[in-house]
Amino acid sequence: MKTNQPKNVQKSIRISEDVLKYIEKQEGNGFNKKLCNMVLYCMEHEADIKKKVSAAEKRLEFVEKQICEKRDLLEKLESISRFVGSCLRVIQ
């Protein structure tokens with residue numbers, strides 16, 4: 001990834017105070033360098049971040065499926081428990 005390209009594009013932007021504070025936390029001297037460093041970092045790590053997000057989404061989907069299965073099992077067990085309880089009351 002080229003980082004020493006000429007900086008011949010001039011833009012004026014409007015940003016919120018929160019975004020400004022975030023950019024100001026980045027490495028670099030001055031707003032432009034900080035913003036460029038932040039964008040370059042994101043560009044360099046984008047593929048890895050997407051892979052991690054995809055893996056996390058798959059894991060979440062698996063866990064949510066397990067939760068649904070366990071919830072269904074719990075409902076069946078509670079139904080059985082109620083049935084057994086009513087049978088015991090009839091017997092007594």
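Our structure is the block above this text.
A short tour of the structure in this document, coming up. (Residues numbered from 1 in each chain as written. Predicted model: local features only at pLDDT ≥ 70, side-chain atom pairs only at ≥ 80, totals over all residues. Heavy atoms only, no water.)

1. Considerations on the overall build of the protein
Consideration 1: Across its full length, the protein carries two helices and zero strands.
Consideration 2: A compact globule built from 92 residues would reach a C-alpha radius of gyration of about 12 Å, whereas the protein, at 28 Å, exceeds it by more than 25%.
Consideration 3: With the C-alpha coordinates of the protein rotated into their principal frame, the extents come out at 90 × 30 × 20 Å.
Consideration 4: Counting all 92 residues of the protein, 4% fall into the buried class.
Consideration 5: Of the roughly 8,900 Å² of accessible surface on the protein, 56% is carried by carbon and sulfur atoms.
Consideration 6: Charge centroids of the protein, computed over 19 positive and 14 negative side chains, lie 3 Å from each other. (Helix = DSSP H or I, 4+ residues; strand = E, 2+ residues; numbered from the N terminus. Rg over C-alpha atoms; globule rule 2.2 N^0.38 Å. Buried < 20%, exposed > 50% of the residue type's maximum accessible area, 1.4 Å probe, protein only. Areas by Shrake-Rupley, 256 points an atom, 1.4 Å probe, with all protein chains shown as cover. Lys, Arg positive; Asp, Glu negative; His and termini not counted. Charge placed at Lys NZ, Arg CZ, Asp CG, Glu CD.)

2. Considerations on the pattern of salt bridges
Consideration 1: Taken as a whole and assessed by the stated rule, the structure comprises three salt bridges.
Consideration 2: Between Glu24 and Lys34 there is a salt bridge whose closest N-O contact spans 3.5 Å. Within this pair, whereas Glu24 is found in helix α1 (residues 17-24), its partner Lys34 is found in helix α2 (residues 31-91), the two being separated by ten residues in sequence.
Consideration 3: For Lys34, a relative accessible area of 12% corresponds to the buried category.
Consideration 4: Lys52 is paired through a salt bridge with Asp48; the nearest N and O atoms lie 3.4 Å apart. On the criterion of helical spacing, the pair formed by Lys52 and Asp48 is a turn pair, its members being four residues apart in helix α2. (Salt bridge = Lys/Arg side-chain N within 4 Å of Asp/Glu carboxyl O.)

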